[in-house]
Amino acid sequence: MPRVQVKNADAKAFPREFALLHQLGGSDSIESEKLVEAFAIYGDAAAVKSLVEGSDAVEFDAFAKAFAKPSQSALVEGAEGNCLGWAARDSSGTLAPYKFSRRELQPNDVVIKITHAGMCHSDLHTIKGDWGPAKYPVVPGHEIVGIVTEVGSGVSKFKLGDRAGVGVFVDSCRSCAQCGKGEQIFCPKLVYTYNATHYDGLPAQGGYSTHVVIADDHAYTIPANLDLAGVAPLLCAGITTYAPYKDHGLDKPGLKIGVVGLGGLGHMAVKFGVAFGCEVYVISRSKAKEAEAIAMGAKAIIPSGDADALKAAAGTLDGIIDTVSAKHDITALTSLLAPRGRLVMVGLPPQQPTLNHFDMILRNLTVSGSVIGNLAMTQEMLDFCGAHGITADVEVIDIDYVNEAMVRMEAGDVKFRFVIDINKSLIL
């Protein structure tokens, strides 16, 4: 397939178009067919066509012009800033365009031009104030992928054009006992990606925005073989379901693992279990999603609403990863565990669970929780996904659909994660 050479790429002058060049698989050249395919999404048809007709080399400014889109900044009322996002201003959770400022590049920082941002249920709960008062205005999003467009003078981990990701937190103190052990997720001064405050006093804002500035040691490298839209949810849904396997010894081939729920988290738990060589069963209210579960590699669905099916499966599972955030019967789940079995909860149901203490004691059962993963485990997870070709199943949307997507997500109407195409639909 012919390639078009792209000369003199300028990341600082055209960060979006530079990111797009690398997003499409180019660095100093790109397949002409990919350029033509991309114009419908990202650029001007006539201008892109002229790039590839009768030419094997173009200047980057011509490439940038062909894929340029008008800035949306002028449509935003209020304060000025160097970043454009969509924010909730109050507990209605309604998102709308919002300008704010990211910090200036520091020696150990990278600037990541965001290409895609996943939508997590945590985003919905936060902007509506379900988990306590939010620090409005809030730009949500902690499933972030993109392309490095600037690097600080002290950075060696990344170079211009590299793929990079940002997850649930963006900074830690690096000096406490937990940071010293590599367990940054338990740092008492952890800075979450949004609805938080940076050490310099700036509000931390998330990935429903044009770019992010982050210290290189809290950003992740993204395998080159994975689709960026499918990678974004790995930064939360992925690590949330990978960590229980690793932390609780459930990643051994041949183990029988139950996954409760087949949503954004559950479908990732199934994919990881299958990749580890486990025998995976989805526990769901009915068998309505069985074909989808089996297509992902699961053996079958155990319908939790069928007493006979629960009785038949009792005592057969070595571990269960519970991803459900709605009210459900925990005792019914522990009955499925074999002696010394483990139930790991990653969902956040509204009620406190009721446990059968006699059953737990007599069969040496363990019930525990799991919260994402540290920096090293998250990078390990991404590398594992690269080696096994694992990405999330996503529905890609424009950012102006985000409020409708929130409504659908709350209703469970998505297979299996919404991802916002930032590079297409949000232009600074």
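As recorded in an unreviewed UniProt entry, the protein goes by Enoyl reductase (ER) domain-containing protein and comes from Tetradesmus obliquus. As recorded by UniProt, the Cofactor (unreviewed entry) comment attached to the protein reads in full: "Zn(2+)". Recorded under Sequence similarities (unreviewed entry), the UniProt text for the protein is reproduced unchanged: "Belongs to the zinc-containing alcohol dehydrogenase family."

A.B. asks: Explain the sheet that holds strand E1 (residues 3-7) to me, please; I cannot follow it from the model alone.
C.D. replies: By way of backbone hydrogen bonds, the strands of a sheet pair with one another, either parallel or antiparallel. Here we have 3 strands laid out as an open sheet, ordered E2-E1-E3, and mixed in their pairing. Every other strand in the sheet has two partners, leaving strand E2 (29-31) and strand E3 (57-59) as the edge strands with one partner each. Across this sheet, the average inter-strand angle for adjacent strands is 30°, counted without regard to direction. The pairing of E1 with E2 spans 3 bridges and is classified as antiparallel. By the bridge assignment for E2, Val-4 is matched with Ile-30. Strands E1 and E2 of the sheet are contacted by helix H2 (residues 32-42), whose axis makes an angle of about 75° with E2.

A.B. asks: Where do I start with the packing of aromatic side chains in this structure?
C.D. replies: Applying the stated rule across the entire model yields 10 aromatic pairs. Taken together, a centroid distance of 5.7 Å and an interplanar angle of 15° make the contact between Tyr-98 and Phe-100 stacked. Seen in terms of ring centroids, Tyr-242 and Phe-272 are 5.3 Å apart; in terms of plane orientation they differ by 70°. Their pairing is edge-to-face. With Tyr-242 in helix H8 (residues 237-247) and Phe-272 in helix H9 (residues 264-276), this pair connects stretches of sequence that are 30 residues apart. Given the relative accessible area of 1%, Tyr-242 is considered buried. Through successive ring pairs, a cluster of aromatic residues spans Tyr-242, Tyr-245, Phe-272, Phe-276 and Phe-384.

A.B. asks: When you look at the environment of Tyr-220 in this model, what are you seeing that I'm missing?
C.D. replies: Relative to the elements of secondary structure, Tyr-220 occurs in strand E14 (residues 220-221). Each C-alpha atom, one on Tyr-220 and one on Leu-202, is 22 Å from the other, the two residues being 18 residues apart in sequence.

A.B. asks: Would you take a moment to explain the UniProt feature "domain: Enoyl reductase (ER)" (unreviewed entry) in the protein for this structure?
C.D. replies: Feature annotation in UniProt places "domain: Enoyl reductase (ER)" (unreviewed entry) on residues 90-420, given in this structure's numbering. Secondary structure content for residues 90-420 is 26% helix and 26% strand, and the end C-alpha separation is 22 Å.

A.B. asks: Help me understand H2, please; the structure alone is not making it clear to me.
C.D. replies: Note on helix geometry: an α-helix contains 3.6 residues per turn, so any two residues three or four positions apart are oriented the same way. All buried positions along H2 are accounted for by Ser-32, Leu-35, Ala-38 and Tyr-42. Looking straight down H2, one finds its buried side chains confined to an arc of 110°; they lie on one side. Exposed residues lying more than 90 degrees from the buried face of H2 are Glu-37 and Ala-40.

A.B. asks: Would you take a moment to explain the layout of surface pockets for this structure?
C.D. replies: Once rolled over the atoms, a probe with the size of a water molecule shows which space is left empty. For the second largest pocket, the calculated volume is near 480 Å³. Forming the boundary of the second largest pocket are 25 residues, of which Pro-15, Asn-82, Glu-150, His-211 and Leu-428 lie nearest the centre. Breaking the lining of the second largest pocket down by element, the ones donating at least two residues are helix H1 (15-23), strand E6 (109-118), strand E7 (144-151) and strand E13 (211-215). Counting residues per element, the lining of the second largest pocket draws most heavily on H1, at 3 residues. In the lining of the second largest pocket, the residues fall into 11 nonpolar, 5 polar and 9 charged.

A.B. asks: What is the right way to read empty space enclosed by the protein from this model?
C.D. replies: For the structure on display, the rule yields 2 cavities of 30 Å³ or more. When its volume is computed, the largest cavity comes out at roughly 120 Å³. Looking at the largest cavity, it is lined by 13 residues, and the ones nearest its centre are Arg-102, Arg-103, His-198, Pro-203 and Val-213. Put simply, the parts of the chain that give the lining of the largest cavity at least two residues each are strand E12 (203-204) and E13. A per-class count over the lining of the largest cavity returns 6 nonpolar, 4 polar and 3 charged. Quantified by volume, the second largest cavity comes out at close to 40 Å³. Around the second largest cavity, the lining residues are Gly-167, Val-168, Phe-169, Tyr-220, Leu-235, Ile-239, Ile-372, Gly-373 and Thr-378. Along the lines of polarity and charge, the residues of the lining of the second largest cavity split into 6 nonpolar, 3 polar and no charged.

A.B. asks: Quick question: what am I supposed to make of the pairing of strand E22 (residues 417-421) here?
C.D. replies: Regular strands place side chains that alternate from one sheet face to the opposite one. Counting buried residues in E22 gives 5 out of 5 residues, a clear majority hidden from the surface. Here E6 runs beside E22; their pairing, made up of 3 bridges, is antiparallel. Looking at E22, one finds that Ala-117 is bridged to Ile-420. Relative to E22, strand E21 (residues 394-397) runs parallel, the two sharing 4 bridges. Counterpart to Val-396 in the pairing with E22 is Val-419. A crossover links E21 with its parallel partner E22, the connecting element being helix H15 (residues 402-410), and its sense is right-handed.

A.B. asks: Looking at this model, I keep getting lost on the environment of Gly-389. Mind explaining?
C.D. replies: As for its position among the elements, Gly-389 is in the loop between helix H14 (375-388) and E21. In this structure, the C-alpha to C-alpha distance between Gly-389 and Lys-49, residues 340 residues apart in sequence, is 32 Å.

A.B. asks: How should the packing of H8 against H9 be read in this particular structure?
C.D. replies: When two helices pack together, their arrangement is captured by the angle between the axes and the distance separating the axes. In contact at an axis separation of 8 Å, H8 and H9 are set at 45° when each is read in the N-to-C sense. By the angle between their directions, the pair H8 and H9 is classed as oblique. Relative to H9, H8 is oriented so that their crossing is right-handed. Every residue of H9 that contacts H8 at Ala-237, Gly-238, Thr-240, Thr-241, Tyr-242, Tyr-245 and Lys-246 is listed here: Gly-264, Leu-265, Met-268, Ala-269, Phe-272, Gly-273 and Phe-276. Looking at the contact of H8 with H9 residue by residue, the class counts come to 8 nonpolar, 5 polar and 1 charged.

Calculation criteria
Residues numbered from 1 in each chain as written. Predicted model: local features only at pLDDT ≥ 70, side-chain atom pairs only at ≥ 80, totals over all residues. Heavy atoms only, no water. UniProt positions renumbered as here; feature names shortened; annotations may be inferred. Pairing = 2+ DSSP bridges. Helix = DSSP H or I, 4+ residues; strand = E, 2+ residues; numbered from the N terminus. Axes fitted to C-alpha atoms, helices over the stretch in contact; angles between N-to-C directions. Contact = heavy atoms within 4.5 Å. Phe/Tyr/Trp six-rings, centres within 6.5 Å; stacked < 30°, edge-to-face > 60°. Buried < 20%, exposed > 50% of the residue type's maximum accessible area, 1.4 Å probe, protein only. Arc of directions from axis to C-beta. 1 Å grid on protein atoms, 1.4 Å probe; cavity = no way out; pocket = protein on both sides within 12 Å on 5 of 7 lines; lining within 4 Å. Points joined across faces, edges and corners; volume = space filled by probe spheres on them. Nonpolar A, V, L, I, M, F, W, Y, C, P; charged D, E, K, R; others polar. Right-handed = clockwise from strand over helix to strand, strands pointing away. Parallel < 35°, antiparallel > 145°, perpendicular 65-115°, else oblique. Left-handed = near helix turned anticlockwise from the far one by under 90°.

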